[in-house]
Amino acid sequence: MSEPSKTANFGYRKVPWAERQSRVNDVFHSVASRYDLMNDLMSLGSHRLIKRFALELSAARPGQTVLDLAGGTGDMAMRLSPLVGAAGRVVLADINGEMLEVARDRIIDRGLAGNIDIVRLNGEELPFAAASFDCVCIAYGLRNITDQPKALASMLRVLKPGGRALILEFSRVNNPLLSRAYDAWSALWPPAGKLVTGDSESYRYLVESIRVHHDQDTLLGMLQSAGFEQCRFHNVMDGICAVHVGLKPAAEPV
């Protein structure tokens, strides 16, 4: 397919590849100020427990350097901050400036600015030296990146040998009854978004982006194809979410 005609999913729609990222950015420009409130409403608060579980799988330790990619309003970065301690660093990175402004205010309000750096960037091309991070985590952000294989390759490059990539993302529900209930619940998110943020279309994109995103095995294969090893995933809430983990090889192949 020629580059001018290349397309990408934007929810259920196909849009020109080159326009997709700006459309996603517009979604988050619109909802940034109420993003965290809507997360609590949509998940009934369960996102906090899910993130806690994901952080246990990150194996983040004092003194490490961790990249929180597509970190938005800073939820994961603020949880990582005490894990790496004063001797460690957390780099909170996102492409959306409005989300990072909300994150900066939250971080300062909680007195956590000492070991968190904030960087605006595109996750497809990480502007860091090779082998810079002990862990790269991305929570609910991979499906918003247009060229996901390119982003995974960039994550691998900036990880130290033996470093860990952790991806928390919506996935495929295994139980048919739960799947129907979840579909019915998520159908309420756009009208709720209209009430809370004044924007239903951004939450319509959210629902659609979840439903067209990769299943667990497909994402596992993408991690392996990118060069990660010991790849695995853990279903959460019977597959509503999944946490994928992959390690950078400890030594380059000879």
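Residues numbered from 1 in each chain as written. Predicted model: local features only at pLDDT ≥ 70, side-chain atom pairs only at ≥ 80, totals over all residues. Heavy atoms only, no water.

A. Just the packing of helix α2 (residues 35-43) against helix α8 (residues 189-197), in detail. One way to put it is that α2 packs onto α8 with a least axis distance of 11 Å and a crossing angle of 145 degrees. The hand of the α2/α8 crossing is right-handed. Facing α2, whose interface residues are Leu37, Met38, Leu41 and Met42, α8 presents Trp189, Ala192, Gly193, Val196 and Thr197. Looking at side-chain class alone, the contact of α2 with α8 contains seven nonpolar, two polar and no charged residues. (Axes fitted to C-alpha atoms, helices over the stretch in contact; angles between N-to-C directions. Helix = DSSP H or I, 4+ residues; strand = E, 2+ residues; numbered from the N terminus. Left-handed = near helix turned anticlockwise from the far one by under 90°. Contact = heavy atoms within 4.5 Å. Nonpolar A, V, L, I, M, F, W, Y, C, P; charged D, E, K, R; others polar.)

B. Spatial organisation of the environment of Cys231. On the secondary structure map, Cys231 appears in strand β8 (residues 229-236). Separated by 15 residues in the primary sequence, Cys231 and Gly246 place their C-alpha atoms 4.3 Å from one another. Contact partners of Cys231, with chain neighbours within four places excluded, come to Leu220, Leu223, Gln224, Val245 and Gly246.

C. Local environment of a negative patch on the surface. Residues Glu98, Glu101, Asp105 and Asp109 make up a contiguous surface patch of negative charge. Checked against the element boundaries, Glu98 lands in helix α5 (residues 97-109). Given the relative accessible area of 33%, Glu98 is considered partly exposed. (Patch = residues over 30% accessible without salt bridge, like charges linked within 9 Å, V, L, I, M, F, W, Y side chains within 5 Å. Areas by Shrake-Rupley, 256 points an atom, 1.4 Å probe, with all protein chains shown as cover. Salt bridge = Lys/Arg side-chain N within 4 Å of Asp/Glu carboxyl O. Lys, Arg positive; Asp, Glu negative; His and termini not counted. Charge placed at Lys NZ, Arg CZ, Asp CG, Glu CD. Buried < 20%, exposed > 50% of the residue type's maximum accessible area, 1.4 Å probe, protein only.)

D. Seen up close, helix α10 (residues 216-226). Three or more residues of α10 are buried, namely Gln216, Leu219, Leu220, Met222 and Leu223. One face of α10 carries all of its buried residues, which in axial projection span an arc of 160 degrees. Facing away from the buried side of α10 by more than 90 degrees, the exposed set consists of Asp217 and Ser225. Among the structural elements, α6 (148-158), β7 (159-170), β8 and β9 (241-247) are those in contact with the buried residues of α10. At the N-terminal end of α10, a side-chain oxygen is found 3.4 Å from the backbone nitrogen of Asp217, two or three residues along, and the residue is Asp215. With its phi angle positive at about 115 degrees, Gly227 sits one or two positions after the end of α10. (Arc of directions from axis to C-beta. Polar contact = N/O pair within 3.5 Å; in protein donor to acceptor, adjacent residues only side chain to side chain.)

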